[in-house]
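Below, each chain spelled out in residue letters.
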Protein chains: 2
Amino acid sequence: MDQLPSYVTVSDQPSDVLGTLVEKWKPDHVAVLVDENTKRCCIPLLSIPEHTLVEIKSGEENKTLRTCESVWTALTAGKLTRKSLLINLGGGVIGDLGGFAASTFKRGIKFVNMPTTLLSQVDASIGGKLGVDFNDLKNHIGLFQDPDHVIVNPKFLETLDSREMKSGYGEVIKHTLISDRDQWSRLLKSSFEDQDWNSLVPKSIAIKNRVVTADPTENGLRKILNFGHTLGHAIESYFMKTPNKLLHGEAISIGMVLESHLSLQKEWLSQADFAQIRDFIVSNFTIPTALPTLEELINYLLQDKKNDSRGINFSLLNGIGNCEYDVNVSLAMVKKSLSAYQELI
Amino acid sequence: MDQLPSYVTVSDQPSDVLGTLVEKWKPDHVAVLVDENTKRCCIPLLSIPEHTLVEIKSGEENKTLRTCESVWTALTAGKLTRKSLLINLGGGVIGDLGGFAASTFKRGIKFVNMPTTLLSQVDASIGGKLGVDFNDLKNHIGLFQDPDHVIVNPKFLETLDSREMKSGYGEVIKHTLISDRDQWSRLLKSSFEDQDWNSLVPKSIAIKNRVVTADPTENGLRKILNFGHTLGHAIESYFMKTPNKLLHGEAISIGMVLESHLSLQKEWLSQADFAQIRDFIVSNFTIPTALPTLEELINYLLQDKKNDSRGINFSLLNGIGNCEYDVNVSLAMVKKSLSAYQELI
């Protein structure tokens, strides 16, 4: 049974949902945070009460404290008070950064996320992780706080190009691999083009909700959502400094292949299961043929928020549909998976 | 009956209290945030487990996002993880800024405040207001979160000069004026030099605790703690840009005189009560003889976090020992009190 969080509404009439919230909360000002894409593609699809429009540049490379400062400055100039409302209309960057900006502006104002990408609909808008990158470290500054509401409109997905859609598909695959072997078998049967998003999106939200409700501040179980993310984040950070930036879901997909290989080394995955995961990801994603070395990734890995005094911790599949967290892995094993990458793909 | 918050310990053996907490929490790293004063005067009085020392410059003018960034950078360099602990050893700036830095570092680590000034012991460390100034606006960026523990050591007060002590005295006076006419009569009987801090500090903490427990996020009652602060903050911000910076308690004391005059205008205070408040403050504080004009203060006033669509809201005494909040006051009345200031003092 799919259980959505109480603060999430899936609806193809998002303006009506928003109107009801505004009627209830009666904010004295409304501001809407957009990037150039959602300003062009999504604002025209919505009817929003009188508001101040705040625009930032799209892209993970702009999910910085400096951008957040520009939002705080715009909210100040727009004379927003503690009784005002910020609507974050966009993907993960807009939701994470806008949510952090709202939660800390005058010690916190209400905010609504309207995720416009598959990635943010199934992942970023659920679970209350807010924040910005800092000194090239991903989500290094932030906090845990649920949005006051999330309005998920499947129609926004029609505004996405295939690369953006696939980036979100990476998280759908992750949610499935860590929790549901039967659903994995069903995913395998359809090509990307034939997936039914109206069903997959609520199902993916429900999986994430189940995990984060059990462990909101990531002291334990929630870490399983980091499958693919330990190496994925490091790789994403590395490529962010090159001309060949990766989308989040692309980096995570590489991370899932590599971290499944760690499970193979630990004999937690059979060769057949590993090959099935690898083949599915390689056939669905355009991913780089060469990766940075361990030496080039190590500083990113050492800053991973899941680490403790034992060293680098992973969340690894122990069989498809099952994930374990706080798995301490030696650097030698990580190096082996990285070295094997070219033969893997 | 004085009731301290559960997370506050008043003790002249702060190292023991800290040791017990560290034993319980077992942080993997400890960092201590100090300024040049607490590094010199307070660190030698303490025994703290092995730690990374992080130093910032003292003074409200350094309670900025840039300083906070330097703390985040130092915590990163010190390899603190989400299981680490930050100890904020200092006054209000250290507690507010350090608390905000800790609450947002890797989405939040534990922090303990060890307030070293009278001001921070009776006020800043209680009630969970964390944050930094932004674009000259006081506490513009921040959040509400209680420290994991507060250790109040009355002996630290012996390290303060008289101007610093009096700055804290301003908040003691405020807590008394808004809540306890009998205590006000007792305060009047002793000169500043003869006050019994071992009794006044816990009493003042208890008053603040009673108010913030009833309304943690300042939707209502908590606003009474802002008596003297609407004009006080604006005046503090104004003077911060001049060579004649004011301490927080000094600015608030001026604010209390002016806002008591607003109560006089509204006939909420008798001429005798107003004169008693004014005389007590003027005799205890060295305050400027000339104030900025309304025009010079208006932009600060318009950004006050208590404002709503009606305009500028004050928390005003309605009789000594009683305070009302969300009192909308016309600019003409504010101007009148400001103009009267020189005759008042």
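Let me begin by describing the structure that accompanies this report. None of these values were measured; they are calculated from a predicted model.

Observations concerning the pattern of salt bridges
Part 1 of the reasoning: In total, this model carries 36 salt bridges over all chains according to the counting rule given.
Part 2 of the reasoning: Here D279 of chain B and R278 of chain B are joined by a salt bridge, their closest N and O atoms 3.1 Å apart.
Part 3 of the reasoning: Connected through shared salt-bridge partners, R66 and E69 of chain A together with R66 and E69 of chain B make up one network.

Section: the nonpolar core
Residues and elements named next belong to chain B.
Part 1 of the reasoning: Counting 67 residues, the largest nonpolar core has Y169, I173, L177 and W197 as the members making the most contacts within it.
Part 2 of the reasoning: Among the elements that line this core, the one with the most residues is helix α10 (residues 248-265), at 8 residues.
Part 3 of the reasoning: Those residues within four positions of L177 in sequence are excluded, and the remaining contacts are W184, F227, M256, I277, L317, I320, G321 and N322.

Focus on the pairing of strand β3 (residues 52-56) of chain A
Part 1 of the reasoning: Relative to β3 of chain A, strand β2 (residues 30-35) of chain A runs parallel, the two sharing 5 bridges. Pairing of V34 of chain A across the sheet is with E55 of chain A, part of β3 of chain A.

Regarding the relation of the copies chain B and chain A
Part 1 of the reasoning: When chain B is fitted to chain A, the residual RMSD is 0.0 Å, and the transformation amounts to a turn of 180 degrees plus an axial shift of 0.0 Å. Taken together, the rotation and translation describe the operation of a two-fold axis.
Part 2 of the reasoning: A symmetric contact is evident, with 100% of the interface residues of chain B recurring at the interface of chain A.

Things to note about the side chain of H229 of chain B
Part 1 of the reasoning: Inspection of the secondary structure puts H229 of chain B in helix α9 (residues 229-240).
Part 2 of the reasoning: Contacts of H229 of chain B, omitting those with residues within four sequence positions, involve E171, K174, A234, H248, I252 and E259 of chain B.

Here's the deal with the interface of chain B and chain A
As a measure of interface size, the accessible area lost when the parts come together is often cited.
Part 1 of the reasoning: Taken together, the contact between chain B and chain A spans 37 residues of the former and 37 residues of the latter.
Part 2 of the reasoning: Joining chain B to chain A, the criterion identifies 4 salt bridges.
Part 3 of the reasoning: Across the pair E218 of chain A and R82 of chain B runs a salt bridge whose closest N-O atoms are separated by 3.3 Å.
Part 4 of the reasoning: Between chain B and chain A we count 18 residue pairs in polar contact (both at pLDDT 80 or more) in total.
Part 5 of the reasoning: Those elements giving two or more residues to the side of chain B that touches chain A turn out to be α3 (65-77), α4 (92-104), β6 (129-134) and β7 (137-144) of chain B.
Part 6 of the reasoning: The residue inventory of the side of chain B that touches chain A, partitioned by class, reads 10 nonpolar, 14 polar and 13 charged.

Points about the sheet that holds strand β4 (residues 85-90) of chain B
Residue and element names in this part refer to chain B.
Part 1 of the reasoning: Judged by pairing direction, the sheet is parallel, and its 6 strands sit side by side in the order β1-β8-β5-β4-β2-β3 without closing on themselves. One side of each edge strand has no neighbouring strand; the edge strands of this open sheet are β1 (8-10) and β3 (52-56). Strand-to-strand twist of the sheet, defined as the mean angle between neighbouring strand axes without regard to direction, takes the value 20 degrees.
Part 2 of the reasoning: Bridge count for β4 against strand β5 (residues 110-115) is 6 bridges, and the pairing is parallel. When the sheet's bridge partners are listed, N88 is paired in β5 with N113.
Part 3 of the reasoning: Against the sheet, helix α1 (residues 14-25) contacts β1, β4, β5 and β8 (149-152), and its axis sits at roughly 165 degrees relative to β8.

Focus: the packing of aromatic side chains
Part 1 of the reasoning: Tallying each qualifying case throughout the model produces 18 aromatic pairs over all chains.
Part 2 of the reasoning: Aromatic side chains F134 of chain A and W72 of chain B sit 5.5 Å apart centroid to centroid with 75 degrees between the ring planes, which places their arrangement in the edge-to-face category. Taken together, the residues span two chains, with F134 of chain A in strand β6 (residues 129-134) and W72 of chain B in helix α3. W72 of chain B carries the same exposure label as F134 of chain A, and that label is buried.
Part 3 of the reasoning: With a centroid separation of 5.4 Å and 90 degrees between ring planes, the pair formed by Y238 of chain B and F239 of chain B is classed as edge-to-face.
Part 4 of the reasoning: Classification of F239 of chain B as buried rests on a relative accessible area of 8%.

Notes on unusual backbone geometry
Part 1 of the reasoning: One non-glycine residue, K106 of chain A, lies in the positive phi region at around 50 degrees.
Part 2 of the reasoning: Along the chain, the position of K106 of chain A falls in the loop between α4 (92-104) and β5 (110-115).
Part 3 of the reasoning: The phi dihedral of K26 of chain B falls on the positive side, at around 50 degrees, and the residue is not glycine.
Part 4 of the reasoning: Structurally, K26 of chain B can be placed in the loop between α1 and β2 (30-35).
Part 5 of the reasoning: According to the relative accessible area criterion, K26 of chain B is exposed, its value standing at 58%.

Scoring rules and cut-offs
- Residues numbered from 1 in each chain as written.
- Chains lettered and ligands numbered in written order.
- Predicted model: local features only at pLDDT ≥ 70, side-chain atom pairs only at ≥ 80, totals over all residues.
- Heavy atoms only, no water.
- Salt bridge = Lys/Arg side-chain N within 4 Å of Asp/Glu carboxyl O.
- Core = buried A, V, L, I, M, F, W, Y, C linked by side-chain atoms within 4.5 Å.
- Buried < 20%, exposed > 50% of the residue type's maximum accessible area, 1.4 Å probe, protein only.
- Helix = DSSP H or I, 4+ residues; strand = E, 2+ residues; numbered from the N terminus.
- Contact = heavy atoms within 4.5 Å.
- Pairing = 2+ DSSP bridges.
- Least-squares fit on C-alpha atoms with pLDDT ≥ 70 in both.
- Polar contact = N/O pair within 3.5 Å; in protein donor to acceptor, adjacent residues only side chain to side chain.
- Nonpolar A, V, L, I, M, F, W, Y, C, P; charged D, E, K, R; others polar.
- Axes fitted to C-alpha atoms, helices over the stretch in contact; angles between N-to-C directions.
- Phe/Tyr/Trp six-rings, centres within 6.5 Å; stacked < 30°, edge-to-face > 60°.

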